[in-house]
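Architecture at a glance
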Amino acid sequence: MSVFSRRTIQRCLDQNASVVTVDQHARHIRLLNQGTRDSLATEWEVVLLRAFDEVGEVVHEARLNGPRRPDLLFTCSLRTDPPNRESGALVPRLGWQMRRLLDRVADFVHRRPPTGEFIADITVVSDKTVEKENPYDYFREEFGRELATKGLTLGGFDFQVGGDAVGEEYRDRKMMLHLPPKNDTRRFIKQHFAHLVAAVADRPNGPHSAKVALEGIDITVKYDPSKRDSVTGGHPSYNIAYSLTRNPLANALKSKAQQLRQTGYKGAKGIICCDGGCGIFGDRMSGGSHYGHREIVQHFFRKNSSISFVALIWVADVGWIWTGDRRRELQCVVYTSAMADPSLCLDSHQAIHAALRLLPKPI
């Protein structure tokens, strides 16, 4: 999966030459070419480094006072317009860079981060873990393989799976679908649905159904020959947050907070969470039985006073299909902790929003 076009990524890679080292640049290219989850994380990292460098000074993986290096060390600049690197307009920055160098010397002497400076880590959040725990798509794929042995396809089939929110306390709950273990799925289908597959193969023009209700299992499969052009199904949603702490976003925030503390940095710290296919991102507010990302982040702030801000970036489809203006765009929200480090000044906060507005369009 890729969020941005190859041309956009290449442009950002080229322009990041002033931000990253030769080794970091080579690592970015290697990870991008792998076509894995690490490639998506690197893609977000590359475009975010470019965007923040347009509104301030960026150091990637800066050596600080601890064993960990942050993805981003950012300092607000005095310039009001981003430099025009394509025309080679670097000379106007020399005076600014000299002033920053002198400021850094003074800050080092006083052992404090300069005003308007912060560090941040970039992470990609996905539903990979909850999908592994709830292999609904995998069940349908394995069912399709069983159908293929009889020369059938999934067309006309409907899969309904039950589920329950499990957990000792309400705030510690998560949804678990009533499916067999993933490594037992093929055997389970052969044992419990072979008669249904055989019946459809023998009488493909008639409706058929089968239900399996065992301890921890609740699956109903129906076949309707009038709906052979589609595959349908349903299940309780497992990619929303039934708990403030047991969800992909909270897990990512907790992990990054630990890493940022290990940098030894004394100033403001932030976490930039990017969408890797996570249902929580588009769900800002809570519902009757689940939490939105606003509540998850606010709960995280109460437990992690060292983190000053959290930014969320996700891809959304907006507009109307029937009017022809359906389009894909990035949406962002920045949450600031009430206990934020005072060094996260107004200029820094504005710079964060300015950088996010400079992100390229998704494809």
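All of the points below concern the structure found in this document. Quantities reported herein were computed from a predicted structural model and do not represent experimental measurements.

Here is what the cut-offs are and how they apply
Residues numbered from 1 in each chain as written. Predicted model: local features only at pLDDT ≥ 70, side-chain atom pairs only at ≥ 80, totals over all residues. Heavy atoms only, no water. Helix = DSSP H or I, 4+ residues; strand = E, 2+ residues; numbered from the N terminus. Buried < 20%, exposed > 50% of the residue type's maximum accessible area, 1.4 Å probe, protein only. Contact = heavy atoms within 4.5 Å. Pairing = 2+ DSSP bridges. Axes fitted to C-alpha atoms, helices over the stretch in contact; angles between N-to-C directions. Parallel < 35°, antiparallel > 145°, perpendicular 65-115°, else oblique. Left-handed = near helix turned anticlockwise from the far one by under 90°. Nonpolar A, V, L, I, M, F, W, Y, C, P; charged D, E, K, R; others polar. Expected span 1.5 Å × (residues − 1). Bend = angle between axes of the 7 residues up to and from the residue. Patch = residues over 30% accessible without salt bridge, like charges linked within 9 Å, V, L, I, M, F, W, Y side chains within 5 Å. Areas by Shrake-Rupley, 256 points an atom, 1.4 Å probe, with all protein chains shown as cover. Salt bridge = Lys/Arg side-chain N within 4 Å of Asp/Glu carboxyl O. Lys, Arg positive; Asp, Glu negative; His and termini not counted. Charge placed at Lys NZ, Arg CZ, Asp CG, Glu CD. 1 Å grid on protein atoms, 1.4 Å probe; cavity = no way out; pocket = protein on both sides within 12 Å on 5 of 7 lines; lining within 4 Å. Points joined across faces, edges and corners; volume = space filled by probe spheres on them. Phe/Tyr/Trp six-rings, centres within 6.5 Å; stacked < 30°, edge-to-face > 60°. Core = buried A, V, L, I, M, F, W, Y, C linked by side-chain atoms within 4.5 Å. Polar contact = N/O pair within 3.5 Å; in protein donor to acceptor, adjacent residues only side chain to side chain.

1. A word on the overall build of the protein chain
- Helix and strand counts for the protein chain come out as ten helices and twelve strands.
- When burial is assessed residue by residue, the protein chain has 49% of its 363 residues classed as buried.
- Within the protein chain, contacts between residues at least 6 apart in sequence are counted, and of these 69% link residues at least 24 apart.

2. What about the pairing of strand S8 (residues 217-223)?
- Of all seven residues in S8, five are buried, a share of seventy percent or more.
- With five bridges connecting them, strand S4 (residues 157-161) and S8 associate as antiparallel partners. Counted as the bridge partner of aspartate 158 is lysine 222 from S8.
- Examined bridge by bridge, strand S7 (residues 208-214) and S8 share seven bridges and lie antiparallel to one another. Bridging from a neighbouring strand, serine 209 pairs with lysine 222 of S8.

3. Structural notes on the sheet that holds strand S10 (residues 268-275)
- Pairing is mixed across the open sheet formed by six strands, whose spatial order is S1-S2-S3-S10-S11-S12. In this open sheet, the two edge strands, each paired with only one partner strand, are strand S1 (56-59) and strand S12 (327-336). Strand after strand, the sheet turns through a mean of 25° between neighbouring axes, direction not considered.
- Pairing analysis gives eight bridges linking strand S3 (residues 117-125) to S10, with the strands arranged parallel. Bridge assignment links valine 125 to a residue of S10, and that residue is aspartate 275.
- Against the sheet, helix H8 (residues 248-261) touches S3, S10 and strand S11 (309-318), its axis set at about 140° to S3.

4. Some thoughts on the packing of helix H6 (residues 136-148) against helix H7 (residues 185-202)
- Packing of H6 against H7 leaves a shortest axis separation of 10 Å and a crossing angle of 55°. Viewed along their axes, H6 and H7 adopt a mutual orientation that is oblique. Handedness of the crossing formed by H6 with H7: right-handed. Facing Tyr138, Phe139, Glu142, Phe143, Arg145, Glu146 and Leu147 of H6, the residues of H7 in contact are Thr185, Arg186, Phe188, Ile189, Lys190, Phe193, Leu196 and Val197.
- Residues of the contact of H6 with H7, tallied by class, amount to nine nonpolar, one polar and five charged.

5. A few points about H7
- The first and last C-alpha atoms of H7 sit 24 Å apart over 18 residues, in line with the 26 Å expected at 1.5 Å per residue.
- Its maximal kink placed at phenylalanine 193, H7 deviates by approximately 65°.

6. Re a positive patch on the surface
- A contiguous patch of positive charge, built from Arg37, Lys128, Lys132 and Lys182, is present on the exposed surface.
- For lysine 182, a relative accessible area of 41% puts it in the partly exposed group.

7. Things to note about the sheet that holds S4
- Spatial strand order, S7-S8-S4-S9: four strands in an open sheet with mixed pairing. Two strands lie at the open edges of the sheet, namely S7 and strand S9 (232-234), each paired on one side alone. On average, adjacent strands in this sheet sit at an angle of 5° to one another, irrespective of strand direction.
- The sheet contacts of H6 involve S4, S8 and S9, and relative to S4 the element is tilted by about 145°.
- Those strands touched by H7 are S4, S7 and S8, and its axis lies near 165° from that of S7.

8. A short note on empty space enclosed by the protein
- Evaluation of the coordinates by the stated rule reveals one cavity of 30 Å³ or more.
- If you go around the largest cavity, you meet 13 residues; those closest to its centre are Val130, Lys174, Tyr238, Ile240 and Arg246.
- The class makeup of the residues in the lining of the largest cavity is seven nonpolar, three polar and three charged.

9. Examining the pairing of S3
- For S3, a buried count of nine out of nine residues is recorded, marking the element as mostly surrounded by other parts of the structure.
- Here S3 shows two buried faces, one formed by Glu117, Ile119, Asp121, Thr123 and Val125 and the other by Phe118, Ala120, Ile122 and Val124.
- For strand S2 (residues 72-76) and S3, the ladder comprises four bridges, and the chain directions are antiparallel. Paired with leucine 73 across the two strands is isoleucine 119, which belongs to S3.

10. Digging into the packing of aromatic side chains
- Under the criterion given, the structure shown has 16 aromatic pairs.
- An aromatic cluster is built from Phe139, Phe143, Phe157, Phe159, Phe188, Phe193 and Tyr223, whose rings are joined through pairwise contacts.

11. Brief notes about the nonpolar core
- By size, the foremost hydrophobic cluster in this structure holds 39 residues, and its most contacted members are Trp44, Phe52, Phe118 and Ile272.
- Of all the secondary-structure elements, those providing two or more residues to this core are helix H1 (6-15), helix H3 (37-53), S2, S3, S10, S11, S12 and helix H10 (346-357).
- When residues of this core are assigned to their parent elements, the largest contribution, eight residues, is made by H3.
- Not counting the four nearest positions on each side in its chain, isoleucine 272 is found in contact with Leu48, Phe52, Leu72, Ala120, Asp121, Ile122, Thr123, Phe309, Ala311 and Ile313.

12. Some points on the side chain of lysine 174
- Within the secondary structure layout, lysine 174 lies in strand S6 (residues 174-177).
- Polar side-chain contacts of lysine 174 include one of 3.0 Å to the side chain of glutamate 133.

13. Some thoughts on the environment of alanine 51
- As for its position among the elements, alanine 51 is in helix H3.
- Since its relative accessible area comes to 3%, alanine 51 is described here as buried.
- If near-sequence neighbours (up to four positions away) are discounted, alanine 51 is found in contact with Ala355, Leu358 and Leu359.

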